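Summary of the model geometry
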Amino acid sequence: MSAPRPALAVEDLTVGYPGPEGPVRAVDGVCLHIEPGDALVLLGESGSGKTTVARAVLGLPGRGARTGGRIRLGDTDLRTLDERSLARVRGRRIGYVPQDPTGSLDPLRRIGPQLTEVLLRHRVAPGRRAARAAVPGILATAGIPDPERIAGSYPHELSGGLRQRAAIALAVCCGPDLLIADEPTTALDALVRGQVLDLFGALRGEHGIALLLVTHDLSVARRTGGRVAVMRDGRIVETGPAGQVLSRPGHAFTAGLLTARPGELR
Ligand SMILES: Nc1ncnc2c1ncn2[C@@H]1O[C@H](COP(=O)(O)OP(=O)(O)O)[C@@H](O)[C@H]1O
Ligand SMILES: [Mg+2]
C-alpha cells in the first residue's frame, strides 16, 4: 500500500517583499506537510513570517510579493493555477479563519444568508432552498447552540466566541480538505479560546480536515497538539510532535523562547 497523500505539501517556499533596498525575504525555504485530520502549528514571534506562509498557501500573497517553491493541495499543484481556479479552491477546498472574525463576516448581513451564499457560490448546494436547509446543520457542526436563532442574527448581535464560531462555520461549510487559522483565538478570553481550539480538534477528528494553525502563543500550540513547526526570521528552525518540541525542544532558539516567556511568545 502506498503512503497516504498529505492534504498539504509545501516544498522550499520562498516569499520576497519589495523593500527600499531590494527584495526582503520574509519566508526562506519553508517545507511543510500536513496529513488529513492532522494539525500543524506554525509557532513563532511576531514578524517571523507565519502569516506570509499562510497567505502564500491561500494564493493571496501581499502586493508585489515574489513567491517561489511548490504548494500542493492533495493532487493539485496550487502554484500552476490561475486566479480564477485559485478562487474556486479558496472557500471550497481551503477554509480560512482570520484572527478577527469581522474579517470574514459581513457586518451588514445575517449569518444564515452569508452561509447560503458561500454554499451556492461553490455549488455545494443545488439551489437556494437546499442551501437554506443546510444552514442549521452547518452551524451545529461549529458547536453553535440554537442554530435557527443564530442564522437569523447579525454578527454584532453575537458574543465574540459565537462570532468566531460563525466565522469557522463559514470556513468549513463547503467541506474543505484544509483549514488555515491565523491567530484565531487571540481576540478571545481564555475559556472561549479553549472551546474554539477544541472545536478545531472535533473538525479534524470527525471530518478529517487538516489544520494549519498560526500562533505566537505557546499555550495555544500546546492545546492544539499535532505537530509544531517553529519559525524564526522566515525559516523553520525546529519541527516535531507538539509534546516533544514544547517539552524537550531540540533547538537552542526554541529552548530560549520556552524559558524566557513561559506561557506565551510575543
Ligand atoms: N505586504 C507586505 N509588504 C512588505 N513586507 C511585508 C508584508 N507583509 C509582511 N511583511 C514583512 O514580512 C515579515 C513577516 O511578516 P508576517 O508574515 O506578517 O509575520 P508574522 O505573521 O509571523 O507576524 C515581516 O518583516 C513583515 O514586516
Ligand atoms: Mg501574523
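Each remark here, short or long, concerns the structure printed above.
Please read these numbers as outputs of a predicted model, since none were measured by experiment. (Residues numbered from 1 in each chain as written. Chains lettered and ligands numbered in written order. Predicted model: local features only at pLDDT ≥ 70, side-chain atom pairs only at ≥ 80, totals over all residues.)

A few points about the overall build of the chain
Per the secondary structure count, the chain includes ten helices and ten strands. The C-alpha atoms of the chain give 18 Å as radius of gyration, which agrees with the globular expectation for 266 residues (18 Å, within 12%). Its C-alpha atoms give the chain principal-axis dimensions of roughly 55 × 50 × 40 Å. Within the chain, the proportion of its 266 residues that are buried is 43%. (Helix = DSSP H or I, 4+ residues; strand = E, 2+ residues; numbered from the N terminus. Rg over C-alpha atoms; globule rule 2.2 N^0.38 Å. Buried ≥ 20, exposed ≤ 12 C-beta atoms within 10 Å, placed from the backbone.)

Re the environment of Leu 158
Along the chain, Leu 158 falls in the loop between helix H5 (147-151) and helix H6 (160-172). On the basis of neighbour counts, which here come to 18 C-beta atoms within 10 Å, the residue Leu 158 falls in the partly exposed class. Placed 18 residues apart in sequence, Leu 158 and Pro 176 show a C-alpha to C-alpha distance of 25 Å. When neighbours within four sequence positions are excluded, Leu 158 is seen to be in contact with Ile 150, Ser 153, Arg 163 and Ala 166. (Contact = placed C-beta atoms within 7 Å.)

Some details on the nonpolar core
Counting 75 residues, the largest nonpolar core has Leu 8, Val 57, Ala 169, Leu 178, Leu 179, Ile 180 and Leu 212 as its most contacted members. In terms of residue count, the dominant contributor to this core is H6 (eight residues). If we ignore the near neighbours within four places in the chain, the residues touching Leu 8 are Leu 32, His 33, Ile 34, Val 57, Leu 73, Leu 178, Ala 210 and Leu 212. (Core = buried A, V, L, I, M, F, W, Y, C linked by C-beta atoms within 7 Å.)

Remarks on the sheet that holds strand E4 (residues 66-73)
Hydrogen bonds between backbone groups are what pair the strands of a sheet, and the pairing can be parallel or antiparallel. In space, the four strands of this open sheet follow the order E2-E1-E4-E5, with antiparallel pairing throughout. The open sheet has two free edges, formed respectively by strand E2 (24-34) and strand E5 (76-77), since each of these has just one partner strand. Along the sheet, helix H1 (residues 50-57) contacts strand E1 (8-17), E2 and E4; its crossing angle with E1, the most-contacted strand, is approximately 115°. (Pairing = 2+ DSSP bridges. Axes fitted to C-alpha atoms, helices over the stretch in contact; angles between N-to-C directions.)

Concerning the packing of helix H3 (residues 111-121) against helix H4 (residues 128-141)
Helix packing for two helices is described by the angle between their axes and how far apart those axes are. The N-to-C vectors of H3 and H4 enclose an angle of 120°; their axes lie 9 Å apart at closest approach. When the axes of H3 and H4 are compared, the pair comes out oblique. The hand of the H3/H4 crossing is right-handed. Across the interface between the two elements, Gly 112, Leu 115, Thr 116, Leu 119 and Leu 120 from H3 touch Arg 128, Ala 131, Arg 132, Ala 134, Val 135 and Ile 138 from H4. (Parallel < 35°, antiparallel > 145°, perpendicular 65-115°, else oblique. Left-handed = near helix turned anticlockwise from the far one by under 90°.)

A short note on the packing of H3 against H6
One can describe the packing of H3 onto H6 by two numbers: an axis separation of 9 Å at closest approach and a directional angle of 15°. The orientation of H3 relative to H6 falls into the category roughly parallel. Classified by chirality, the crossing of H6 by H3 is right-handed. Across the interface between the two elements, Ile 111, Gln 114, Leu 115 and Val 118 of H3 pack against Ala 166, Ala 169 and Leu 170 of H6. Grouping the amino acids of the contact of H3 with H6 by side-chain chemistry returns six nonpolar, one polar and no charged. (Nonpolar A, V, L, I, M, F, W, Y, C, P; charged D, E, K, R; others polar.)

Let's talk about helix H7 (residues 190-207)
Helix length check: H7 (18 residues) gives 26 Å between terminal C-alpha atoms against 26 Å at 1.5 Å per residue, within 8%. Of the positions making up H7, those classed as buried are Arg 193, Val 196, Leu 197, Leu 199, Phe 200, Leu 203 and Arg 204. For H7, the angular spread of buried residues about the axis comes to 145°, placing them on one side. Exposed side of H7, more than 90 degrees from the buried face: Leu 191, Gly 205 and Glu 206 are the residues found there. Residues of H7 that are buried in the fold lie against strand E3 (39-44), H6, strand E7 (178-182), strand E8 (210-215) and helix H8 (218-224). Phi turns positive, to about 65°, at Gly 208, one or two residues after H7. (Expected span 1.5 Å × (residues − 1). Arc of directions from axis to C-beta.)

Thoughts on the site of ligand 1
Taken together, Tyr 17, Ala 26, Gly 44, Ser 46, Gly 47, Ser 48, Gly 49, Lys 50, Thr 51, Thr 52 and Gly 62 make up the full set of residues adjacent to ligand 1. Sorting elements by how many residues they give to the shell around ligand 1 places H1 first, with three residues. Classifying every residue of the shell around ligand 1 gives two nonpolar, eight polar and one charged. (Near = placed C-beta within 6 Å.)

What is shown is where atoms sit, not what they do.
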